[in-house]
Amino acid sequence: MRVLVVEDRPKMAALLGRGLRRDGASVDLVGSGEDALWMAAATVYDAIVLDLMLPGIDGLETCRRLRADDIWAPILILTARDAIEDRVVGLDQGADDYLTKPFALDELLARLRALARRGARERPSVLAAGDLRLDPSDRRVWRGGEEIDLPPKQFALLEALMRQPGRVFSRYELLERAWDNGYENRSNVVDVHVRVLRDRVDRPFGTRTIETVRGAGYRLRPDGGG
């Protein structure tokens, strides 16, 4: 396992380096977000340990830029902040796990091994199909530079479709994604909401993103219908 450790405090960085090397890992140590960005662009890592409190570019911005640069190595955030809001922001920026300081080194090593087993698969924080973009954490949608206001049900349907572009979803599958089990009106509710969704994201822009697959359901074109 090759690990990039981004920690600006020399004693903590040395401690992490020794612990990881004892565990059999190959370790690169850097002390800033700027260094982390060019190192991660030049080297394939199995995991990245990223401190939040960094000089210059902080850990959250570093995480965001790594994902924007299509670097998908699993990221474990180290933070002295224990507020739930800070953890949520970190995970929404593309991190995979976090540990609050102080922490047990054995736990960090175990978490890194678990993250490395997942591999570096693409998992963008903002979903995109052509010029159509959806941010699940902020619940915002854009077509090009224009923001589109979507009610909750249409947002849930679009999110389900955009998470797997090109896949055909049955009406039942979409119903399960956007409505709870207590909902009983299951006749044509999906068709009605898809029609409204098209009126928001397609027709005003002259696009055809959401396709009807006769006898099967709906799918979203990976190119965004442009």
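Bear in mind that the values here come from a model prediction, so they are computed numbers and not experimental data. (Residues numbered from 1 in each chain as written. Predicted model: local features only at pLDDT ≥ 70, side-chain atom pairs only at ≥ 80, totals over all residues. Heavy atoms only, no water.)

Side chains that differ in sign of charge can pair as their charged atoms come close. As enumerated under the stated definition, the model contains 21 salt bridges in all. With its nearest N and O atoms 2.9 Å apart, the salt bridge here joins Arg2 to Asp28. Taken as a pair, Arg2 in strand 1 (residues 2-6) and Asp28 in strand 2 (residues 26-30) lie far apart in primary sequence, 26 residues in all. We note a salt bridge from Asp223 to Arg221, for which the minimum N-O separation is 2.8 Å. We classify Asp223 as partly exposed; its relative accessible area is 38%. By relative accessible area, which is 22% here, Arg221 ends up partly exposed. Via salt bridges that share partners, Arg208, Glu211, Arg219, Arg221 and Asp223 belong to a single interconnected network. (Salt bridge = Lys/Arg side-chain N within 4 Å of Asp/Glu carboxyl O. Helix = DSSP H or I, 4+ residues; strand = E, 2+ residues; numbered from the N terminus. Buried < 20%, exposed > 50% of the residue type's maximum accessible area, 1.4 Å probe, protein only.)

Glancing now at the sheet that holds strand 2. Whether parallel or antiparallel, the strands of a sheet pair through hydrogen bonds between backbone atoms. Strand order in the open sheet formed by 5 strands is 2-1-3-4-5, and the pairing between neighbours is parallel. The sheet is open, and its two borders are formed by strand 2 and strand 5 (97-100), each paired with just one other strand. Pairs of neighbouring strands in the sheet enclose a mean axial angle of 20°, with direction left out of account. The pairing of strand 3 (residues 47-51) with strand 4 (residues 75-79) spans 4 bridges and is parallel. What sits directly across from Val49, in strand 4, is Leu76. (Pairing = 2+ DSSP bridges. Axes fitted to C-alpha atoms, helices over the stretch in contact; angles between N-to-C directions.)

Two elements in contact, helix 6 (residues 152-163) and helix 8 (residues 189-201), have axes separated by 10 Å at closest approach and are oriented at 85°. Of the possible angle classes, the one that applies to helix 6 and helix 8 is roughly perpendicular. Contacts between helix 6 and helix 8 involve Lys153, Gln154, Leu157 and Leu158 from the first element and His193, Val194, Val196, Leu197 and Val201 from the second. (Parallel < 35°, antiparallel > 145°, perpendicular 65-115°, else oblique. Contact = heavy atoms within 4.5 Å.)

Once that is clear, we can look at the sheet that holds strand 8 (residues 140-143). One open sheet holds the 4 strands; their spatial order is 6-7-8-9, and the pairing between them is antiparallel. Strands with a single pairing partner mark the edges of an open sheet, and in this sheet they are strand 6 (127-129) and strand 9 (146-148). The mean angle between the axes of side-by-side strands here comes to 25°, regardless of whether they run parallel or antiparallel. Bridge count for strand 8 against strand 9 is 3 bridges, and the pairing is antiparallel. Residue Arg143 lies in a different strand from strand 9, and its bridge partner there is Glu146. Lying over the sheet, helix 6 contacts strand 6, strand 7 (132-135) and strand 8, oriented at roughly 110° with respect to strand 7.

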